[in-house]
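What follows is each chain in one-letter form.
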Amino acid sequence: MYALVDAVSFYASAEKVFDPAIRSKPVVVLTNNDGCVCAICPIARRLNIPKFGPYFKVKHLLEQNNVVIRSSNYELYADLSDKMMNIIARFCDTQHIYSIDESFLHFDGYTSLIKDWHEYGHTIRRTVWRETKLPVGVGFGPTPTLAKAANHAAKKLSGFNGVAVINNEQTRQAILQRMSCEDVWGIGRRLAKKLKIMNIHTAWDLAQQNPRAMRRAFSVVVERTVSELNGITCLNWDDVRQDKREIYSTRSFGERICEPTALKTALINHVTTVANKLRAQHSLTHQLYIFAASGAHENKYYKKSFVYKFPSPTNDTCVMANAVSEVFNKIYQPGIRFYKCGVGAVELISEQFQQNDLFNKSPDNPKLMQCLDTINNRYGKGMLSLASSKLNDRWHMNRDFLSPQYTTRWRDIPKIYCE
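Residues numbered from 1 in each chain as written. Predicted model: local features only at pLDDT ≥ 70, side-chain atom pairs only at ≥ 80, totals over all residues. Heavy atoms only, no water.

## Some remarks on a nonpolar patch on the surface
Point 1. A contiguous nonpolar patch, built from Tyr-379, Met-383 and Leu-384 and spanning about 310 Å² of accessible area, is present on the exposed surface.
Point 2. Locating Leu-384 in the fold gives a position in the segment after α15 (366–379).
Point 3. You can call Leu-384 partly exposed: its relative accessible area is 38%. (Patch = residues over 30% accessible without salt bridge, like charges linked within 9 Å, V, L, I, M, F, W, Y side chains within 5 Å. Areas by Shrake-Rupley, 256 points an atom, 1.4 Å probe, with all protein chains shown as cover. Salt bridge = Lys/Arg side-chain N within 4 Å of Asp/Glu carboxyl O. Helix = DSSP H or I, 4+ residues; strand = E, 2+ residues; numbered from the N terminus. Buried < 20%, exposed > 50% of the residue type's maximum accessible area, 1.4 Å probe, protein only.)

Take a look at the structure:
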């Protein structure tokens, strides 16, 4: 048996954890630079607020209904996610964290030990709520795709109270018949439109198709999805989430910048993020893609990029930052009002299969990077950083509705006064 446990409107729910005053109010969370609505709590969802709609278009609607608005507080979300995943891990010996708010569990050999899957699911929900104040949905199924379908039912379909179980033919059919094709894991809107032309409208319709025929018509992914909907396990954790083949860090600025120091500081911060992610998945990069651009609606649109090739593949923050410094003058141009910049690691290889060059000694310092990561993991992101990443702060994005970072900044730690 598999399970999928994920939070309900995670970003919006996370905003309510340390602020009980807004728990019964509608809350929405905005994307980078407060551009679009990216998370809507269940209370706010009743107002038919369009998800990923531009904020300026729904601003009047939000004000009219006294909706609480928050900017994305990534530091808070990451910390709460880590706590939630650690709690969920107690209930199974095999866990796979799929995203910041989703976790798969595999109960191999647990079938005879757990007599009531519904009650077990509610135990998980109660525990997560008691220790984090985050509402979660729990779905059980004989395959990862059916567990995902059960989770969808637990949160979106009537008749379920946060937990759904697919453990026989009756429950499988009942849930799949009420699910649209586009709600099936791995299908999505574009593919669902093509399926509807073939008179395949529900998840149950999709499950009735011949897997090989669906492979010929679409892909092996759809073939596996059909098999999984019929209780045949085809996915493993490697299929669920593989190492990234490219890693990018890009962001638009809160305000246009012209100073070279501000632009360079932004690029160094992006390269720091990319290097951290490379080390986290034990990868090295052969090439670094660096770019900066003005706004698309400027009188003179400008975009410049450069691909830096390393003599030896690397994931060292210092080495990658030096690469940015070397090419910076080829990217920066005076008088340009820069709107966006970013860094991407391309042509990745695994550390495990690295072949060293006899004539080019790697400048990497693995011990220094391990020390850097250990301190930052223990004391918080950015506790130690390159000096060049702190030269200017004008490049930061707008977060006008940012809530306190309750768990990662000393000054924001909640205070309790007893009288």
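## Topic: the pairing of strand β3 (residues 37–40)
Point 1. Here strand β2 (residues 27–30) pairs with β3 via three bridges, running antiparallel. Directly across from Leu-30, in β3, lies its bridge partner Val-37. (Pairing = 2+ DSSP bridges.)

## What to know about unusual backbone geometry
Point 1. With a phi close to 65 degrees, Phe-52 is a non-glycine residue in the positive phi region.
Point 2. One can find Phe-52 in the loop between α2 (42–45) and α3 (55–64).
Point 3. Here the phi dihedral of Glu-347 falls at roughly 55 degrees; this positive angle occurs in a residue that is not glycine.
Point 4. Within the secondary structure, Glu-347 sits in strand β12 (residues 338–350).

## Some points on helix α7 (residues 169–176)
Point 1. Along α7, the residues classified as buried are Arg-172, Ile-175 and Leu-176. Within α7, the buried residues cover an arc of 95 degrees as seen down the axis, which keeps them to one side.
Point 2. Residues of α7 that are buried make contact with α6 (144–156), β8 (163–165), α9 (203–207) and α11 (220–229).
Point 3. Of the residues flanking the start of α7, the one acting as N-cap is Asn-168, its side-chain oxygen 3.1 Å from the backbone nitrogen of Gln-170. (Arc of directions from axis to C-beta. Contact = heavy atoms within 4.5 Å. Polar contact = N/O pair within 3.5 Å; in protein donor to acceptor, adjacent residues only side chain to side chain.)

## Regarding the pattern of salt bridges
Point 1. Within this structure, the stated rule accounts for 10 salt bridges.
Point 2. With its nearest N and O atoms 2.8 Å apart, the salt bridge here joins Asp-6 to Lys-155. Of this pair, Asp-6 sits in strand β1 (residues 2–7) while Lys-155 sits in helix α6, placing them 149 residues apart in sequence.
Point 3. Note that Glu-102 is salt-bridged to Lys-148, the shortest N-O span being 2.3 Å. Here the residue Glu-102 occupies a position in strand β6 (residues 102–106), and Lys-148 occupies one in helix α6, the gap between them amounting to 46 residues. Each member of the pair, Glu-102 as well as Lys-148, carries the same accessibility label: buried.
Point 4. Taken together, the salt bridges that share partners define one network made up of Glu-15, Asp-19 and Arg-70.

## Observations regarding the sheet that holds strand β11 (residues 303–314)
Point 1. Here we have four strands laid out as an open sheet, ordered β9-β12-β10-β11, and antiparallel in their pairing. The sheet is open, and its two borders are formed by β9 (247–257) and β11, each paired with just one other strand. On average, each strand axis in the sheet is tilted by 15 degrees relative to the strand beside it, whichever way the strands run.
Point 2. Direction of pairing for strand β10 (residues 283–294) relative to β12: antiparallel, over a ladder of 11 bridges. By the bridge assignment, Phe-291 is partnered in β12 with Gly-342. (Axes fitted to C-alpha atoms, helices over the stretch in contact; angles between N-to-C directions.)

## Brief notes about the packing of aromatic side chains
Point 1. A full pass over the atoms with the stated rule returns 22 aromatic pairs.
Point 2. Aromatic side chains Phe-91 and Tyr-120 sit 5.9 Å apart centroid to centroid with 80 degrees between the ring planes, which places their arrangement in the edge-to-face category. Of the two residues, Phe-91 is situated in the loop between α4 (74–88) and β5 (95–99) and Tyr-120 in helix α5 (residues 117–132); the sequence distance between them amounts to 29 residues.
Point 3. Each member of the aromatic cluster is reached from another via a ring pair, and the members are Phe-91, Phe-107, Trp-117, Tyr-120 and Phe-140. (Phe/Tyr/Trp six-rings, centres within 6.5 Å; stacked < 30°, edge-to-face > 60°.)

## Here we look at the side chain of Lys-16
Point 1. Along the chain, Lys-16 falls in helix α1 (residues 10–17).
Point 2. One buried charged residue, Lys-16, forms no salt bridge at all, with the nearest opposite charge on Asp-19 at 10 Å.
Point 3. Ignoring anything within four residues of it in the chain, the contact list for Lys-16 reads Ile-22, Arg-23, Lys-25, Val-27, Cys-41 and Ile-43. (Lys, Arg positive; Asp, Glu negative; His and termini not counted.)

## Side note on the side chain of Thr-145
Point 1. With respect to the secondary-structure elements, Thr-145 resides in helix α6.
Point 2. Its relative accessible area of 3% is what places Thr-145 among the buried residues.
Point 3. Ignoring any residue separated from it by four or fewer positions in sequence, one finds Thr-145 in contact with Val-184, Trp-185, Thr-225, Glu-228, Leu-229 and Leu-235.

## Structural notes on the sheet that holds strand β4 (residues 68–71)
Point 1. Here we have three strands laid out as an open sheet, ordered β3-β2-β4, and mixed in their pairing. Each edge of the sheet is formed by a strand with only one pairing partner; in this case those strands are β3 and β4. Mean inter-strand twist for the sheet, computed between neighbouring axes without regard to direction, equals 30 degrees.
Point 2. Strands in contact with α1 are β2, β3 and β4; relative to β2, the strand with the most contacts, it is inclined by about 115 degrees.

## Considering helix α8 (residues 188–197)
Point 1. Restricting attention to buried positions, one finds in α8 the residues Leu-191, Ala-192 and Leu-195. Viewed along the axis of α8, the buried residues span an arc of 105 degrees, placing them on a single side of the element. Turned more than 90 degrees away from the buried face of α8 sit Arg-189, Arg-190, Lys-193, Lys-194 and Ile-197, all of them exposed.
Point 2. Contacts made by the buried residues of α8 are with α9, α10 (211–217) and α11.
Point 3. Asn-199, located one to two residues past α8, shows a positive phi value of around 65 degrees.

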